[in-house]
Amino acid sequence: MSKILFINNEGGGFAGDAEIREGQTVETFFKEKFPDRAPSDFLIRVNREAVAGSYVLQDKDRVTMTPIKIDGAA
Amino acid sequence: MNLSLRLATRINDFVEQRVATTHVLGLPSRLHTRLQSCMILHSKTRKAREKGLAVAEKIVHKQLIADVSRLKRQLDVSSLNPPEPDKAPGVRDIYADIKAVEAEFGEYKWDHVRGTLSVTTDPITLKEVPLGPFRIHLSLEHFQNPSASDGSTYVDAINSNFSNGHPHPHVSEGGHVCLGDAIHSIRKTLEDGRVLDYFIILKQLLNSYDANGAYTPLESWGQEGEGSISCGDCGYDTSDYFYCEHCDCAYCDECYGSCESCEELVCDTCRTRCRSCDNSLCPGCNADNCKDCGRPLCFACAQKVGCDNCSSALCEDCVQKCVGCSTPYCKSCASTEIGDCKCEKPGQCSGCRENCDFCEVRKPGESYLGQPKEHPEFEDAETEVFGAPTPGFLPEPVVQENEEKCDTCTA
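These numbers come from a predicted model, not from an experiment. (Residues numbered from 1 in each chain as written. Chains lettered and ligands numbered in written order. Predicted model: local features only at pLDDT ≥ 70, side-chain atom pairs only at ≥ 80, totals over all residues. Heavy atoms only, no water.)

(A) Region of the structure containing the overall build of chain A. When its secondary structure is counted, chain A shows 1 helix and 5 strands. Each helix and strand of chain A, ordered N terminal to C terminal, gives the series β-β-α-β-β-β. Within the span of chain A, comprising 74 residues, buried residues form 42% of the whole. Counted over contacts in chain A with a minimum sequence separation of 6, partners at least 24 positions apart contribute 52%. Summed over all atoms, the accessible surface of chain A reaches about 3900 Å², with 49% contributed by carbon and sulfur. (Helix = DSSP H or I, 4+ residues; strand = E, 2+ residues; numbered from the N terminus. Buried < 20%, exposed > 50% of the residue type's maximum accessible area, 1.4 Å probe, protein only. Contact = heavy atoms within 4.5 Å. Areas by Shrake-Rupley, 256 points an atom, 1.4 Å probe, with all protein chains shown as cover.)

(B) Spotlight on the overall build of chain B. Along its length, chain B carries 10 helices and 18 strands. Looking at chain B residue by residue over its 411 residues, the buried ones come to 38%. In chain B, the share of contacts with a sequence separation of at least 24, taken over all contacts with a separation of at least 6, comes to 44%. With the model as given, the accessible surface of chain B reaches about 23800 Å², and the carbon-plus-sulfur share is 49%.

(C) Geometry of the packing of helix H5 (residues 183–192) of chain B against helix H6 (residues 195–206) of chain B. All names here are of chain B. At a closest axis distance of 8 Å, the pairing of H5 and H6 adopts a crossing angle of 165°. Of the possible angle classes, the one that applies to H5 and H6 is roughly antiparallel. Relative to H6, H5 is oriented so that their crossing is left-handed. Contacts from Ser-185, Ile-186, Thr-189 and Leu-190 in H5 reach Asp-197, Tyr-198, Ile-201 and Leu-202 in H6. Grouping the constituent residues of the contact of H5 with H6 by class yields 5 nonpolar, 2 polar and 1 charged. (Axes fitted to C-alpha atoms, helices over the stretch in contact; angles between N-to-C directions. Parallel < 35°, antiparallel > 145°, perpendicular 65-115°, else oblique. Left-handed = near helix turned anticlockwise from the far one by under 90°. Nonpolar A, V, L, I, M, F, W, Y, C, P; charged D, E, K, R; others polar.)

(D) Molecular detail of the sheet that holds strand S1 (residues 109–111) of chain B. Residues and elements named next belong to chain B. An order of S1-S2-S5-S6 is seen for the 4 strands of this open sheet, with the pairing classed as antiparallel. The open sheet has two free edges, formed respectively by S1 and strand S6 (155–157), since each of these has just one partner strand. On average, each strand axis in the sheet is tilted by 25° relative to the strand beside it, whichever way the strands run. The pairing of S1 with strand S2 (residues 116–120) spans 3 bridges and is antiparallel. Paired with Asp-111 across the two strands is Thr-116, which belongs to S2. (Pairing = 2+ DSSP bridges.)

(E) Inspection of the sheet that holds strand S5 (residues 62–67) of chain A at higher detail. On the basis of which strands lie adjacent, the open sheet formed by 5 strands has the order S2-S1-S5-S3-S4 (chain A) and mixed pairing. Looking along the sheet, the strands with just one partner apiece sit at the ends: strand S2 (14–20) and strand S4 (49–50) of chain A. Examined bridge by bridge, strand S3 (residues 42–46) of chain A and S4(A) share 2 bridges and lie antiparallel to one another. Following the sheet pairing, Arg45(A) is matched in S4(A) by Ala50(A). Sitting on the sheet, H6(B) touches strand S1 (2–8), S3 and S5 of chain A, and the angle it makes with S5(A) is about 20°.

(F) Structural detail: the packing of aromatic side chains. What the rule picks out here adds up to 8 aromatic pairs over all chains. In this structure an aromatic cluster arises from ring pairing among Phe6(A), Phe14(A) and Phe29(A). (Phe/Tyr/Trp six-rings, centres within 6.5 Å; stacked < 30°, edge-to-face > 60°.)

(G) Spotlight on the pattern of salt bridges. Counted according to the given criterion, the structure contains 20 salt bridges over all chains. Asp71(A) is paired through a salt bridge with Lys69(A); the nearest N and O atoms lie 2.6 Å apart. Overall, the relative accessible area of 48% leaves Lys69(A) in the partly exposed class. The closest approach of N and O atoms between Glu57(B) and Arg49(B), which form a salt bridge, is 3.0 Å. (Salt bridge = Lys/Arg side-chain N within 4 Å of Asp/Glu carboxyl O.)

(H) Summary view of the interface of chain A and chain B. In this assembly, 20 residues from chain A lie in contact with 31 residues from chain B. For the pairing of chain A and chain B, the buried interface totals around 2000 Å² over both sides, and the portion due to carbon and sulfur atoms is 52%. On the chain A side of the interface with chain B, the three residues burying the most area are Arg48(A), Ile70(A) and Ala74(A), jointly 31% of the side's total. Linking chain A with chain B are 4 salt bridges. Put simply, Arg62(A) and Asp97(B) hold a salt bridge, and the shortest N to O gap is 3.5 Å. (Buried area = accessible area lost by both parts, 1.4 Å probe.)

(I) Focus on the state of the cysteines. Residues and elements named next belong to chain B. Tallying each qualifying case throughout the model produces 0 disulfides over all chains. The thiol of Cys-247 is unpaired, and the distance to the nearest cysteine sulfur, on Cys-270, comes to 3.7 Å. Counting only cysteine sulfurs, Cys-307 is the nearest neighbor of Cys-310, a cysteine outside any disulfide, at a range of 3.6 Å. (Disulfide = S-S within 2.5 Å.)

(J) Spatial organisation of the nonpolar core. Residues and elements named next belong to chain B. Counting 44 residues, the largest nonpolar core has Phe-143, Val-195 and Phe-199 as its most contacted members. Residue assignment for this core shows that the elements contributing at least two residues are helix H1 (3–22), helix H4 (91–105), S2, strand S3 (124–126), strand S4 (129–132), strand S5 (134–139), H5 and H6. Looking at this core, the element that brings in the most residues is H6, giving 9 residues. When near neighbours in sequence (up to four residues on either side) are disregarded, Phe-199 contacts Val-101, Phe-105, Leu-117, Val-119, Ile-136 and Leu-138. Ranked by size, the runner-up nonpolar core spans 34 residues in total, among them Cys-231, Val-266, Leu-281 and Ile-338. (Core = buried A, V, L, I, M, F, W, Y, C linked by side-chain atoms within 4.5 Å.)

(K) Here's a closer look at the confidence of the model for chain B. Residue and element names in this part refer to chain B. Here chain B shows a mean pLDDT of 80. Residues at 70 or above account for 81%. Per-residue pLDDT stays below 50 along residues 376–394; that stretch engages in 20 contacts with residues further than four places along the chain or on separate chains. For this predicted complex, the interface score ipTM comes out at 0.95, while the overall pTM is 0.56. (pLDDT = per-residue confidence, 0-100.)

(L) The arrangement of the side chain of Asp192(B) in detail. Its place among the elements puts Asp192(B) in helix H5. For Asp192(B), the side chain forms a polar contact with the side chain of Arg194(B), separated by 3.2 Å. Beyond its immediate sequence surroundings of up to four residues, Asp192(B) is in contact with Ala15(A) and Pro89(B). (Polar contact = N/O pair within 3.5 Å; in protein donor to acceptor, adjacent residues only side chain to side chain.)

Listed below in structure tokens is the structure:
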């Protein structure tokens, strides 16, 4: 098993290690983390760069998911 | 050394300083709390033993044994999974973030006087209302104290498409961003030293709109009428407002309510709560304030509890009562009126000490809880009986021959 740094900028802004399988793509990783959400609702970056959903995650990659819509207040 | 590298080094230093100061003990907070509890109980046990309070000592000691046992169990569990202390991200990661910021926003600007890093967004349009580009500022001091960002995240509007003074539905007249859902994630980016994520989250927030949490709805952007005001409390723009006569300010319908005593409408700023009964009060019904804590009291509660000595009003939390007759006192009067009896029975007023029940029945050399006295100062002449006294008897008071006698009862 390889490990990546997963940063979820939704809600509490969780950041921590996550295990990935051999050959796992960023698209399947997203579906595991957000089964009820669409990838188009997020800005998804790997190592600070936008990638295609078919990108195969590597050990020690840094994956950031930031929601497109973040509600402010008054 | 180029600017990006200098900034990365400086940010890393700030994060390292914060991590160092917040992890001095290196003990998880739950264990730290339990350890403190054990120390307090140990101190209480020692004091109870010193004062000869056998029953109290036994109770506290039992609690101490239970707490030490819990602490031991928690230490055993945590030693299996030791928590990893926070680490600063390192200059390399922060440098990579700053370079990614340059790629994302075109460039960044460094204001060395204010210590802020800023980027400019693309022009923002929400629901077909053009708001123009915004300059987002990041104060480097926020890396030292991330929670400070909650009320001091600022943007500048480069376009001047304001409505009621607001450059954006979620930005105040002064440029302060109301973070809403982003409050925790912004704080976390600062804790972790993630510069790129900080700017991206704020960019996404500025590109989002929530009609329920907006200062000015986009539907009426730029159409402020003569009757529209900005709420004096939350800043919401509305034409349906309430005018508070106590502070001469106008408020939206979310920021005022009625006094529970007289039912007068009053704004939330002028409204207080009675410390004792928790009823909301207008300034007119705030009859008095507790002498000791200064919190407001309504008429009924101010009349109900007061110091017997100086007549000051007191709240339920601050009143101090004599354990004998329950007479209420304020803090300063209690310090002079309430004290321990010579038999060590605590918390009695001077009247109750003079007529202390226990003093009349106690055995010589015995304190309030039936423990032998250890302190010589309590072995006063009054309790000493010549010869072999019967327990419980005290010497008869000596009556002087030449004392004046009462005309009525001849005593």
